[in-house]
Amino acid sequence: MITRFLWQGMDRNLRLCVLLVLAVGIALPLANLILAATNPAHVPSWVLQLFGKYLCYALLALAVDLVWGFCGILSLGHGAFFALGGYCMGMYLMRQIGTRGVYGNPILPDFMVFLNYKELPWFWHGFDHFWFAAIMVVLVPSVLAFALGWFAFRSRVTGVYLSIITQAMTFALMLAFFRNDMGLGGNNGLTDFKDILGYSVQASETRAALFFASAVALALGLIISAAVVSSRFGKALTAVRDAESRMRFLGYRVEGFKLFVFVLSAAMAGVAGALYVPQVGIINPGEFAPGNSIEAVLWVAVGGRGTLVGPIIGAVLVNFGKTWLTGALPEVWLFALGALFIVVTLLLPKGIVGLWGQMKSRSQARKARAPA
Amino acid sequence: MNAPTMRSTSALLYLSGVTVSFDGFRALNNLSLLIEPGEMRAIIGPNGAGKTTMMDVVTGKTRPDTGEVVFDGLADLTKLDEASIATLGIGRKFQKPTVFESHTVRDNLLLALAGLRSWYKLLLATPTREENQRLDEILSIIRMEAQQHMLAARLSHGQKQWLEIGMLLAQDPKLLLVDEPVAGMTDVETETTAQVLREINKTHSVVVVEHDMSFVRALGVKVTVLHEGSMLAEGTLDQVSADPRVVEVYLGR
């Protein structure tokens, strides 16, 4: 039943995308591990790390697109789900440090020793097991999304009001996580990770495996999203996006559709965050910053809202531009981001993917008009 | 559902003493109305008479302050939301054709088709043979087989109207509420719409809200005149137009 469900979204284009993502997930780590550093096709470790980050951002963008592009819920707080997933993974990684911390305490992470904690706070229990952390990575963002969505969708909060609520949520979480007595490292967050599943996070093999895992997660995200979107549920979902009250008068209980997709999207964002943290080596409250969530929305807009490939293209391209520009002309980046937003809004309402579609339909129209 | 246990009336739709106020303004004022099964009723009245509010109350969009709204003798509509009311069998057509523009004609009909509404069942559902047959039937009734895979956004205004009628057929409501169906239509289109509504009325009860007197005349059904949120007169169009109070309301003092 589940395979049939997952298979229903698999058209030719999607299969191609999934294969492409997986191919990148295999080729880049291999080119990093096997090829000698002198080989022109060798991929340096920093490039691998950078693209690993992009893959996580792409999954986050896909999650944002699932709610925004297909259900019309403009979430300006998806960075919060991403960061929560990241924190869950970070807590696991902290517990793996053991006695190798600066203070050598076998139970308490360094920052707790420093802050005079006597024992592990209750919510840290269980995070020494990977399976527990893996469940929490999905569960914590999902529960938050469920709670928020339950109240918001039932009270029929829509449009800009919902956007503001999600924005306020991530801002409130940022303030909370900045506090030292949250027991999550306060300002500095969680860092100095050593091992994941017994392997050193610094080792190039581990990095390659994390990169591959990110590619697999993205491919899975694509398959699940495609299955949801192409099902009859997905048809109802886009109908809710386009004419919500019409759907109600047809007898659909719109809240259920919104809630399901919002929770699914939060879970995907959480997984993206969990894969991001071991690759960048730190998670701190800055990840909750409202700007991060807004940037994620921009990736989707650039790539193409309401398409499955668009957010991936957008996330990789914008972040590539960011990496390049913040290196070359650091002070220009924010202006470039603003300009990008204006250009996309004015000229590319359907993003890069939409541009391709526009050109295709235009050439078709020209062909149709041309005398036979 | 706080339904009366006994069937209290033979009427399909029964409004009694319904009052709705918005910030002190009484949009409906102690309105009572009876629609019999199989009936087609035209509701007319000047702007602000409460026609649309009446529809909103029946479809669950607006909760009345006081009064009773009973559908099919059993269900108290004032306690239900839009989705439950629609599932009970009340369909609504809006003044502007609202079809789902990013879906194909066939998918529009599939979404409207009576039956599956729960989100988790829809995740796995594929259209059954019966559903596909029904869709083919409706497509041939509205004469849109050729356009069935076309996106609704690309349809002309008239085609959208037809598609919406098809969607109402697919929804198969017991009672159909139609809001100003001929606003902005040419005379020929108005006449066709009247024919279509009479056709639909053979199998469904219909309530039509309309401004256009010539259209109401073409329908040739019982007319209810609303004024300031209450019923002013009821009868054939000739009877109500002869009523001096109706004349006064329409022509002004």
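Residues numbered from 1 in each chain as written. Chains lettered and ligands numbered in written order. Predicted model: local features only at pLDDT ≥ 70, side-chain atom pairs only at ≥ 80, totals over all residues.

What follows covers helix 11 (residues 254-280) of chain A. Here helix 11 of chain A contains 27 residues, and its C-alpha end-to-end distance of 39 Å stays within 8% of the 39 Å for a straight helix at 1.5 Å per residue. The buried count for helix 11 of chain A comes to 23 of 27 residues, which makes it a mostly enclosed element. (Helix = DSSP H or I, 4+ residues; strand = E, 2+ residues; numbered from the N terminus. Expected span 1.5 Å × (residues − 1). Buried ≥ 20, exposed ≤ 12 C-beta atoms within 10 Å, placed from the backbone.)

Quick look at helix 3 (residues 45-71) of chain A now. Residue and element names in this part refer to chain A. Its 27 residues give helix 3 an end-to-end C-alpha distance of 38 Å, which sits within 8% of 39 Å, the value for a rise of 1.5 Å per residue. Residue D65 marks the point of greatest curvature in helix 3, where the axis turns by about 35°. Burial analysis of helix 3 places 21 of its 27 residues in the buried class, which makes it a mostly covered element. Downstream of helix 3 by a residue or two, G72 has a phi angle that is positive, lying close to 75°. (Bend = angle between axes of the 7 residues up to and from the residue.)

Between chain B and chain A, the residue contacts involve 21 residues of the former and 21 residues of the latter. Those elements giving two or more residues to the side of chain B that touches chain A turn out to be helix 2 (82-88), helix 3 (105-112) and helix 4 (119-124) of chain B. Residue classes in the side of chain B that touches chain A are distributed as ten nonpolar, six polar and five charged. (Contact = placed C-beta atoms within 7 Å. Nonpolar A, V, L, I, M, F, W, Y, C, P; charged D, E, K, R; others polar.)

Moving on, we get to the sheet that holds strand 3 (residues 40-44) of chain B. All names here are of chain B. Overall, mixed pairing links the six strands, which are arranged 6-7-8-3-9-10 in an open sheet. This sheet does not close on itself; its edge strands, each paired only once, are strand 6 (90-93) and strand 10 (230-235). Across the sheet, the mean angle separating the axes of adjacent strands is 20° when strand polarity is ignored. In the sheet, strand 7 (residues 175-179) pairs with strand 8 (residues 205-209) via five bridges, with the strands oriented parallel. By the bridge assignment, D179 is partnered in strand 8 with V209. Running at roughly 150° to strand 8, helix 7 (residues 187-201) makes contact with strand 3, strand 7 and strand 8 of the sheet. (Pairing = 2+ DSSP bridges. Axes fitted to C-alpha atoms, helices over the stretch in contact; angles between N-to-C directions.)

Take the pairing of strand 2 (residues 25-35) of chain B next. Residue and element names in this part refer to chain B. Both strand 1 (residues 13-22) and strand 2 contribute to a ladder of seven bridges, which runs antiparallel. Each residue of the ladder has a partner; that of V18, found in strand 2, is L31. Where strand 1 folds back on strand 2, the antiparallel hairpin that results is connected by two residues, among which D23 adopts a positive phi of roughly 50°.

Within the largest apolar cluster, 179 residues are counted, with the highest numbers of intra-cluster contacts made by A:A58, A:L59, A:L60, A:A61, A:A236 and A:A272. Of the domains in this structure, domain 1 (1-89 + 173-253) and domain 2 (100-172) of chain B are the two that each give at least three residues to this core. With sequence-adjacent residues up to four places away left out, A:A58 is seen in contact with A:L218, A:P311, A:I312, A:A315 and A:V316. (Core = buried A, V, L, I, M, F, W, Y, C linked by C-beta atoms within 7 Å. Domains from an automatic or database assignment.)

The subject of this paragraph is the packing of helix 4 (residues 78-97) of chain A against helix 11 of chain A. Residues and elements named next belong to chain A. Helix 11 packs onto helix 4 with a crossing angle of 45° between their chain directions and a minimal axis gap of 6 Å. The pairing of helix 4 with helix 11 is recorded here as oblique in orientation. Where helix 4 crosses over helix 11, the two elements pack in a sense that is right-handed. Taken together, the residues of helix 11 that come into contact with helix 4 (itself represented by H78, F81, F82, A83, L84, G85, G86, C88, M89, G90 and L93) are A266, A269, G270, V271, A272, G273, A274, Y276, V277 and P278. Among the residues forming the contact of helix 4 with helix 11, the class breakdown is 15 nonpolar, six polar and no charged. (Parallel < 35°, antiparallel > 145°, perpendicular 65-115°, else oblique. Left-handed = near helix turned anticlockwise from the far one by under 90°.)

A few words now on the sheet that holds strand 4 (residues 66-71) of chain B. All names here are of chain B. Reading across from one edge, 2-1-4-5 is the order of the four strands in this open sheet, with antiparallel pairing throughout. A strand with exactly one partner marks an edge of an open sheet, and here the two such strands are strand 2 and strand 5 (75-76). Its contacts with the sheet put helix 1 (residues 51-59) on strand 1, strand 2 and strand 4, and the angle it makes with strand 2 is roughly 65°.

Before going further, it helps to examine the confidence of the model for chain B. Residue and element names in this part refer to chain B. Looking at chain B as a whole, the pLDDT averages 87, with 95% of positions reaching at least 70. Across residues 1-6, where pLDDT falls below 50, the model places nine contacts with residues more than four positions away in sequence or in other chains. In the model output, the complex is listed with pTM 0.91 alongside ipTM 0.86. (pLDDT = per-residue confidence, 0-100.)

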